[in-house]
Amino acid sequence: MKKLWILFLAVVTVFGLAACGSGSESESSGSGSSGGETDDTVKIGISLPSATHGWMGALIDSAEKQAKALQESDGIEYVMTNAADPNKQANDVDDLIAQDVDVIVMLPIESAALTPVGQKIKDAGIPLVIVDRELENDAATVVVKGDNEGIGVNAGKFFVEQLGGKGKVVEISGPPSSVTEQRGSGFKEAVEASEGLEIIASQSGDFSTEKSLEVMQNILQANPQIDAVFTQDDGMALGVLQAIEEAGRTDIQFVTGAGGAKQVFEDIKNDGLMKATFLYSPTMVEDAVKIAADLAKGEEPAETMVVKEATQVTKENVDEFYDPESKF
């Protein structure tokens, strides 16, 4: 009996140790590791406006192209959202934060409206890369943009030179954002330096070809004499050109844009009414996504402000930039 009792105790002890070992393994698995390795997958959240015009459509394509390339080369995951208004974009960002992304790339639909959203991202401890339109606070870790003020200044100087410092000009601007403000202030600064130039109308075309067509139709009806038109975006320039053509106006000497759209390049090449545009490539978002990947890995940014040059494109150099295969 004594031997049987000792054997019984031995069996109970073995099962007890096995049970303890099983409980310890289960707790480790529940911590999110697998096979003793931690999950170090990097995820980028990308929040962009909807493709309401050609430039934005090209930017969205560029962002996804770069994100997919990083996914294939480095195993970096991404989540991309598109919004038609600031409220939807704010909700999109809330979702990205809830998904625990490692970094967020955002092109704000409107600077002021999305500034609190940028602060929410910062408060969540998530690095933020802003593209194109800046916020009104310091929430961004890195900003990637074109030289918006340079576009306005260079366009204004072009107007002064082409019109000999005299004339009546129209400005078609974008929606409320840092881009609109900077391009507009740069243009006004250059134009107002010449006392003979007068901005007789300035209205928003919302970076939309259709809206700019409508706005320009009204401006043409209200102003019998216009010498030139400055548009803050190539897509808007196309709407302006259509309005001028349909109205049969011959007083307008030229139109300028910004962006670098293929159709605008073609009008410049063919001696149309478009005489100049200023580069603002949608591929800037590729830089933003690359920077975001580095930030997500814990790397420090080489720069906190990346500015792309506002190169002037005219008949003299358009062939250097024209790509017949371009989607934009």
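Looking up the protein in an unreviewed UniProt entry gives the name Monosaccharide ABC transporter substrate-binding protein (CUT2 family), with the organism given as Planomicrobium soli. Checking UniProt for the protein, the heading Subcellular location (unreviewed entry) contains the comment "Cell envelope". Its UniProt record gives the protein the following Sequence similarities (unreviewed entry) comment, quoted word for word: "Belongs to the bacterial solute-binding protein 2 family."

Participant: Help me out: how do you make sense of empty space enclosed by the protein in this one?
Facilitator: Take a probe with the size of a water molecule and roll it over the atoms, and the empty space left behind shows itself. In the structure shown here, the tally under the stated rule is 1 cavity of 30 Å³ or more. Approximately 70 Å³ is the volume found for the largest cavity. For the lining of the largest cavity, the residue count by class is 5 nonpolar, 2 polar and 4 charged. Each of domain 1 (43–140 + 282–307) and domain 2 (148–279) gives at least three residues to the lining of the largest cavity.

Participant: Whenever I open this one, the nonpolar core confuses me. Can you help?
Facilitator: The tendency in soluble globular proteins is for nonpolar side chains to be buried as a group. One finds I44, I46, F159, I172, M216 and V229 to be the most contacted residues of the largest nonpolar core, which totals 78 residues. Top element by residues in this core is helix α10 (residues 284–296). It accounts for 9 residues. Split by domain, this core shows at least three residues from each of two domains, domain 1 (43–140 + 282–307) and domain 2 (148–279). Once you skip the residues sitting within four places of it in the chain, I172 turns out to touch Q203, G205, S212, V215, M216, I219, V229, F230, T231, Q232, M236 and V240. In terms of nonpolar packing, the next biggest core, distinct from the first, is built from 15 residues, L96, I104, I126 and I130 among them.

Participant: I keep staring at the layout of surface pockets and nothing clicks. Help me out?
Facilitator: Each pocket or cavity is described by its volume, and for the largest pocket that value is around 470 Å³. Of all the secondary structure elements, the ones that give two or more residues to the lining of the largest pocket are α2 (54–74) and α9 (262–269). Ranked by residues supplied to the lining of the largest pocket, first place goes to α2 with 4 residues. Each residue belonging to the lining of the largest pocket can be placed in one class, and the counts come to 7 nonpolar, 6 polar and 6 charged. Counting contributing residues per domain, the lining of the largest pocket is built from domain 1 (43–140 + 282–307) and domain 2 (148–279), each supplying no fewer than three. Taken together, 14 residues line the second largest pocket, and the ones lying closest to its centre are T52, A84, I109, R133 and D206. When residues of the lining of the second largest pocket are sorted by domain, at least three fall in each of domain 1 (43–140 + 282–307) and domain 2 (148–279).

Cut-offs used in this document
Throughout this description, residue numbers start from 1 for each chain and increase along the sequence as written. Confidence filtering applies because this is a predicted model: local features only for residues at pLDDT of at least 70, side-chain atom pairs given and counted only at 80 or more, and all residues used for totals across whole chains, interfaces and linings. With hydrogens and water stripped out, all remaining heavy atoms of the structure feed into the side-chain values. UniProt positions are given in the numbering used here, feature names are shortened, and annotations may be inferred rather than shown by experiment. Put simply, the grid is 1 Å and covers the protein atoms alone, a cavity is a trapped set of points that fit a 1.4 Å probe, a pocket is an open set with protein on both sides within 12 Å along at least five of seven lines, and lining residues have an atom within 4 Å of a point. Grid points are joined across faces, edges and corners, and a volume is the space filled by probe spheres set on the points. Side-chain classes follow a simple rule in which Ala, Val, Leu, Ile, Met, Phe, Trp, Tyr, Cys and Pro form the nonpolar group, Asp, Glu, Lys and Arg form the charged group, and the remainder, Gly included, forms the polar group. An automatic or database domain assignment provides the domain bounds reported here. In this text, buried Ala, Val, Leu, Ile, Met, Phe, Trp, Tyr and Cys residues form a nonpolar core when linked through side-chain atoms within 4.5 Å. Think of it in three bands: with a 1.4 Å probe and only protein chains considered, a residue is buried below 20% of the maximum accessible area for its type, exposed above 50%, and partly exposed in between. Here a helix means four or more residues in a row that DSSP labels H or I, a strand means two or more in a row labelled E, and each is numbered from the N terminus. Contacts are assigned to residue pairs with any non-hydrogen atoms lying within 4.5 Å of each other.

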